[in-house]
Amino acid sequence: GLFFVVASSTALSILKILFVCFVGFLLCRTGILMPDTNKKIAKMLYVAFMPSLLFANVSKMMTGDAFGVLFLLAVFPMVLHAIGFGLALVVRRILRVKDDFRRQFTAACTFSNCGNVPLPLATAICGDPFGPFANIPNAQLDAIAYVSFFMSVCSIITWTLATPYLTSQPTGST
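Bear in mind the structure is a predicted one, so any value in this text is a computation, not a measurement. Per chain, residues are indexed from 1 in the order of the written sequence. Reporting of local features is limited, given that this is a predicted model, to residues whose pLDDT is at least 70; pairs of side-chain atoms are given and counted only at 80 or more, and all residues count toward the totals for whole chains, interfaces and linings. Each side-chain value is worked out from all heavy atoms of the structure, with water and hydrogens disregarded.

**Observations regarding the packing of helix H5 (residues 118–127) against helix H6 (residues 139–167)**
Spelled out, the test is: Axes here refer to lines fitted to C-alpha atoms; in helices the fit is confined to the stretch in contact. Angles between the N-to-C directions go from 0 to 180 degrees. Helix numbering and strand numbering both begin at the N terminus, where a helix is a DSSP run of H or I of at least 4 residues and a strand a DSSP run of E of at least 2. Any angle between 65 and 115 degrees counts as roughly perpendicular, while under 35 counts as roughly parallel, over 145 as roughly antiparallel, and the rest as oblique. By convention, the crossing between two helices is left-handed when the near helix turns anticlockwise from the far helix through less than a right angle, and right-handed when the turn is clockwise. Two residues qualify as a contact provided that any one of their heavy atoms is within 4.5 Å of a heavy atom in the partner residue. By the convention adopted, Pro, Cys, Tyr, Trp, Phe, Met, Ile, Leu, Val and Ala count as nonpolar, Lys, Arg, Asp and Glu as charged, and the other residues, Gly among them, as polar.
Running from amino to carboxyl end, H5 crosses H6 at an angle of 165 degrees, the nearest separation of the two axes being 8 Å. Taken together, the axes of H5 and H6 are roughly antiparallel relative to one another. Between H5 and H6 the crossing geometry is right-handed. When H5 is examined against H6, the residues Pro-118, Leu-119, Ala-122, Thr-123, Cys-126 and Gly-127 are found in contact with a partner set consisting of Ala-139, Gln-140, Ala-143, Ile-144, Val-147, Ser-148 and Met-151. Looking at the contact of H5 with H6 residue by residue, the class counts come to 9 nonpolar, 4 polar and no charged.

Below you can see the structure in the form of structure tokens.
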């Protein structure tokens, strides 16, 4: 039933992502894409293309009705990161993570949960004509806009907290 439709849509989206990753791997492995070019493309994607895509998708849904949802989507990443940070502190004590790796471990636990995977998943699940949201008008556009806004807030948090946290000198126990 519904679970199978959602699971198959999700699996198909993940397979598409894996295919693109595999093509990139082949391009790098065969020498068509050089390491320096790969770094430049990754930086361009992260600095220019992803923020542009996120802004374009969010701007499509900016209506008066959407502000309540947008507020929750702005608060949720902050809560998600705070929970991730708290859990990282607990887990690294339980696992007795060495001092040399504490900051990397904490950052990986705190900031790794907001990647680019939700965007294609939301597109696939909400855009599937047989999916659970097939009867809701503009479900795919709304889902893309909501996920884009969520990812935008996560990007802001990552750039303002994770980068300084990882590049500064450690002080105390964090």
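**Considering the pattern of salt bridges**
Our working rule: Within this document, salt bridges are pairs made up of a side-chain nitrogen of Lys or Arg and a carboxyl oxygen of Asp or Glu, the two lying within 4 Å of each other. For every residue, the accessible area obtained with a 1.4 Å probe (protein chains only) is divided by the maximum for its type, and the residue is called buried under 20%, exposed over 50%, and partly exposed between those limits.
Using the criterion set out here, one finds 2 salt bridges in the structure. Among the ionic pairs, Lys-40 bridges to Asp-36, the shortest N-O distance being 3.3 Å. Of this pair, Lys-40 and Asp-36 both sit in helix H2 (residues 35–59), 4 residues apart, which is roughly one turn of the helix. Overall, the relative accessible area of 47% leaves Asp-36 in the partly exposed class. We note a salt bridge from Asp-99 to Arg-102, for which the minimum N-O separation is 3.3 Å. Relative accessible area serves as the criterion here: at 27%, Arg-102 is assigned to the partly exposed category.

**Description of the environment of Ala-162**
Mapped onto the secondary structure, Ala-162 falls in helix H6. Judged by relative accessible area, which is 6%, Ala-162 ranks as buried. Separated by 51 residues in the primary sequence, Ala-162 and Phe-111 have C-alpha atoms spaced 7.1 Å apart. When near neighbours in sequence (up to four residues on either side) are disregarded, Ala-162 contacts Phe-111 and Ile-157.

**Notes on the side chain of Thr-158**
With respect to the helices and strands, Thr-158 occurs in helix H6. When sequence neighbours within four positions are dropped, the list of residues in contact with Thr-158 reads Tyr-46, His-81, Phe-111 and Thr-163.

**A word on the confidence of the model for the chain**
So the rule is basically this: Each residue gets a pLDDT score, which is the predictor's confidence in that residue and runs from 0 to 100.
On average, the chain scores 79 in pLDDT, and the residues at 70 or more come to 86%. In the model of the chain, H5 stands out as the element of lowest mean pLDDT, 72, in contrast to helix H4 (residues 102–111), which has the highest, 86.

**Details of the packing of H4 against H6**
Geometry of a packed helix pair, given as the angle between the helix axes and the separation of the axes. Between H4 and H6, the least distance of the axes is 10 Å, while the angle of their chain directions is 170 degrees. Relative to H6, the element H4 is oriented roughly antiparallel. Of the residues in H6, those in contact with Arg-103, Gln-104, Thr-106, Ala-107 and Phe-111 of H4 are Ile-157, Thr-158, Leu-161, Ala-162, Pro-164, Tyr-165 and Leu-166. When its residues are assigned to classes, the contact of H4 with H6 shows 8 nonpolar, 3 polar and 1 charged.

**What to know about the nonpolar core**
For clarity, the cut-off: Take the buried residues of types Ala, Val, Leu, Ile, Met, Phe, Trp, Tyr and Cys, join any two whose side-chain atoms come within 4.5 Å, and each joined set is a nonpolar core.
Within the largest apolar cluster, 21 residues are counted, with the highest numbers of intra-cluster contacts made by Phe-111, Leu-119, Val-147, Phe-149, Phe-150, Met-151 and Val-153. Put simply, the parts of the chain that give this core at least two residues each are helix H3 (67–95), H4, H5 and H6.

**With respect to the environment of Leu-119**
Looking at the secondary structure, you find Leu-119 in helix H5. With relative accessibility at 11%, the residue Leu-119 sits in the buried group. Remark: the alpha-carbon pair of Leu-119 and Phe-150, spanning 31 residues in sequence, is separated by 9.9 Å. Leu-119 has contacts with Leu-53, Ile-144, Val-147, Ser-148 and Met-151, leaving out every residue within four places of it along the chain.

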